[in-house]
Amino acid sequence: MIPEPGLLDAGRATELVTAAGRPTPDFREKLRRIPNARNAAAVLAVYAQTIAIVVLAVRLDNWFAWVAAFILMGRAHAQFAALMHEAAHRLLFRNRKINDFVGRWLLGFPSFTPTDAYRRGHMAHHRDEFGPDEPDIPLYRGYPIGRDSMRRKLVRDATGRTGWKLFKGLLSAVRSESAPIRFQAHAIVASQLILVAIGIALGHPWVYFILWLAPYLTVWRVINRLRSIAEHGGMQRSKDRRLTTHTVRQSPISRFFVVPFHIGWHLAHHVDAGVPMAHLPKLHAELRNSGYVVDGLEYRSYTSLWRKLASATRAGG
């Protein structure tokens, strides 16, 4: 999975990036401008889509509508997670109080994420990928693995076993000795109770469980694993981000289901974690232009990368 040394030759310095792939000061300043209006529209759009999916499923009330809604609500969790990730980087809104409020109360807590705890762990991830304090190692260590092992992992995700294990950990945090952890766990529980109460008030008490909790425990777990291993699976600790992070060509289908809001430009994100997602395509394009990213380094699709991640002859877990 590690790129061949010949693919890691330093790119050439341009007016916009250095040979090491870092944006030059003027370009970096432009890239780091937070698009307030665009991000506000994204948050509103995610809520509008989520509500529309629920309303259509209830009104149509047939098996196809419920199955389609179930799958699309897994995608909705991916959208909530992407925008929460942006807020965790404090790149969602320029005003820090607004950024943190939206990141916690409108994105993180409703989608079962303790945003502040996520931020602390995620910053450790960016400081030293695959380092001793890396919080996400369980998601992508040990790759490539065998096809049978990959199948077992995805089946555990799809059947809710992975999600239930994580959910029990979240519930146990309600009794944590740490006041900040306990507060966030209580806030998540309160957010879920509000959603349940809305369903009851509208005369559909089971909608929350069928179209919010269950997709979180199943469809979202599959999406999250596939996205995570496509970001770092099979890579290694290094100061060269091309050895820690994959880069994959983005397609409309992958952006729709797995990597919304340009979060799929992950190598560019790790080159400069202060660049909002909306501007990552610009940075990626310049990394390509400079030769820092070459054709042989970039996977043509997520499917081709997932195949390679499941190409080992050993079985694994």
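Definitions and limits used
Along each chain, residues carry numbers from 1 onward, in the same order as the chain's sequence is written. Whole-chain, interface and lining totals are the exception, using all residues; otherwise, since this is a predicted model, local features are given only for residues with pLDDT of at least 70 and side-chain atom pairs are given and counted only at 80 or more. Working from all heavy atoms in the structure, the side-chain values ignore hydrogens and water. The salt bridge definition used is simple: a Lys or Arg side-chain nitrogen within 4 Å of an Asp or Glu carboxyl oxygen. Counting from the N terminus, the helices are DSSP H or I runs at least four residues long and the strands are E runs at least two residues long. Here's how the labels work: a residue is buried when its accessible area is under 20% of the maximum for its type, exposed when over 50%, partly exposed in between, all with a 1.4 Å probe on protein chains only. Residues grouped as a nonpolar core are buried Ala, Val, Leu, Ile, Met, Phe, Trp, Tyr and Cys residues, joined through side-chain atoms within 4.5 Å. Whether two residues are in contact is decided by their heavy atoms: any pair within 4.5 Å suffices. Paired rings are identified among Phe, Tyr and Trp, the last through its six-membered ring, by centres lying within 6.5 Å, and are further divided according to the angle between planes into stacked (under 30 degrees), edge-to-face (over 60) and tilted (the rest). Charge-over-ring placement is defined geometrically: NZ (Lys) or CZ (Arg) within 6 Å of the ring centre, and within 35 degrees of the ring normal. Each patch groups residues whose relative accessible area exceeds 30% and which form no salt bridge, using 9 Å between like charges and 5 Å between nonpolar side chains of Val, Leu, Ile, Met, Phe, Trp and Tyr. For the accessible areas, the method is Shrake-Rupley and the probe is 1.4 Å, while residue cover comes only from the protein chains on display. Here an angle of 0 to 180 degrees is reported between the N-to-C directions of two axes, which are lines fitted to C-alpha atoms, with helices fitted over the stretch in contact. Working definition: roughly parallel below 35 degrees, roughly antiparallel above 145 degrees, roughly perpendicular at 65 to 115 degrees, and oblique for all remaining angles. Nonpolar residues are Ala, Val, Leu, Ile, Met, Phe, Trp, Tyr, Cys and Pro. Charged residues are Asp, Glu, Lys and Arg, and all others, Gly as well, are polar.

Digging into the pattern of salt bridges
Next up, step 1: Throughout the structure, instances matching the rule amount to 16 salt bridges.
Next up, step 2: Residues Asp272 and Arg32 are paired through a salt bridge, measuring 2.6 Å at the closest nitrogen-oxygen approach. Of this pair, Asp272 sits in the loop between α13 (266–271) and α14 (280–290) while Arg32 sits in the loop between α1 (25–31) and α2 (36–60); the two residues are 240 residues apart in sequence, bridging distant segments of the chain.
Next up, step 3: We classify Asp272 as buried; its relative accessible area is 1%.
Next up, step 4: In this structure, a network of salt bridges that share partners links the residues Arg90, Asp100, Arg104, Asp116 and Arg119.

Let's talk about the nonpolar core
Next up, step 1: Judged by nonpolar contacts, the single largest core of 73 residues is most densely connected at Leu83, Leu92, Leu107, Phe112, Leu283, Trp306 and Leu309.
Next up, step 2: Ranked by the residues each element gives to this core, the list is headed by helix α3 (residues 63–88), at 11 residues.
Next up, step 3: Contacts of Leu283, omitting those with residues within four sequence positions, involve Val17, Pro23, Phe27, Leu31, Ala268, Asp272 and Val275.

Side note on the environment of Pro114
Next up, step 1: By the secondary structure assignment, Pro114 is in the loop between α4 (96–108) and α5 (115–127).
Next up, step 2: Under the relative-accessibility criterion, Pro114 is labelled partly exposed at 24%.
Next up, step 3: Once residues lying within four places of it in the same chain are set aside, the contact partners of Pro114 are Phe109, Gln184 and Ile188.

Observations concerning the packing of aromatic side chains
Next up, step 1: The final tally for this structure, using the stated rule, is 13 aromatic pairs.
Next up, step 2: A ring pair is formed by Trp206 and Phe209, whose centres lie 5.8 Å apart and whose planes are at 50°; its orientation type is tilted.
Next up, step 3: Judged by relative accessible area, Trp206 falls into the exposed class, the value being 62%.
Next up, step 4: The exposure class assigned to Phe209 is partly exposed, which follows from its relative accessible area of 36%.
Next up, step 5: A cation over a ring is seen here: Arg75 above Phe256, with NZ or CZ 3.7 Å from the ring centre.

Regarding unusual backbone geometry
Next up, step 1: The omega angle of the peptide bond from Tyr143 to Pro144 is 5°, so this bond is cis rather than trans.
Next up, step 2: The residue Pro144 is located in the loop between α6 (137–140) and α7 (147–158) in this model.
Next up, step 3: A positive phi is found at Asp61, a non-glycine position, where the angle reads about 50°.
Next up, step 4: Examined against the element boundaries, Asp61 turns out to sit in the loop between α2 and α3.
Next up, step 5: Residue Asp61 is classed as exposed on the basis of its relative accessible area, which comes to 54%.
Next up, step 6: Not every positive phi belongs to a glycine, and Arg90 is a case in point at roughly 55°.
Next up, step 7: When you line up the elements, Arg90 lands in the loop between α3 and α4.

What about the side chain of Asp116?
Next up, step 1: Mapped onto the elements, Asp116 comes out in helix α5.
Next up, step 2: Of the residues examined, Asp116 reaches a relative accessible area of 18% and is grouped as buried.
Next up, step 3: Non-local contacts of Asp116, meaning those with residues more than four positions away in its chain, are made with Arg104 and Gln184.

Things to note about the environment of Leu72
Next up, step 1: Relative to the elements of secondary structure, Leu72 occurs in helix α3.
Next up, step 2: Distance in space between the C-alpha atoms of Leu72 and Ala230 is 21 Å, their sequence separation being 158 residues.
Next up, step 3: Setting aside anything within four residues of it in sequence, one finds Leu72 in contact with Ile53 and Phe256.

Here's the deal with a nonpolar patch on the surface
Next up, step 1: On the surface, a cluster of nonpolar side chains totalling about 760 Å² of accessible area is made up of Trp63, Phe64, Val67, Ile71, Ile253, Phe256 and Phe257.
Next up, step 2: Only α3 and α12 (252–257) provide two or more residues apiece to the nonpolar patch.
Next up, step 3: With 4 residues, the single largest contributor to the nonpolar patch is α3.
Next up, step 4: Counting through the fold element by element, Phe64 comes out in helix α3.

Structural notes on the packing of α4 against α5
Next up, step 1: The geometry of α4 relative to α5 is characterised by a closest axis approach of 10 Å and an angle of 110° between their N-to-C directions. With respect to each other, α4 and α5 are oriented roughly perpendicular. On α5, the residues touching Asn99, Asp100, Gly103, Arg104 and Gly108 of α4 are Thr115, Asp116 and Arg119.
Next up, step 2: Residue composition of the contact of α4 with α5, by class: no nonpolar, 4 polar and 4 charged.

Re the environment of Ala13
Next up, step 1: Considering the arrangement of structural elements, one finds Ala13 in the segment before α1.
Next up, step 2: A relative accessible area of 57% places Ala13 in the exposed class.
Next up, step 3: Sequence-wise, Ala13 and Glu129 are 116 residues apart; in three dimensions their C-alpha atoms are separated by 25 Å.
Next up, step 4: Other than its neighbours up to four places away in sequence, Ala13 contacts Thr18 and Ala19.

Purely geometric stuff here, so don't read any function into it on its own.
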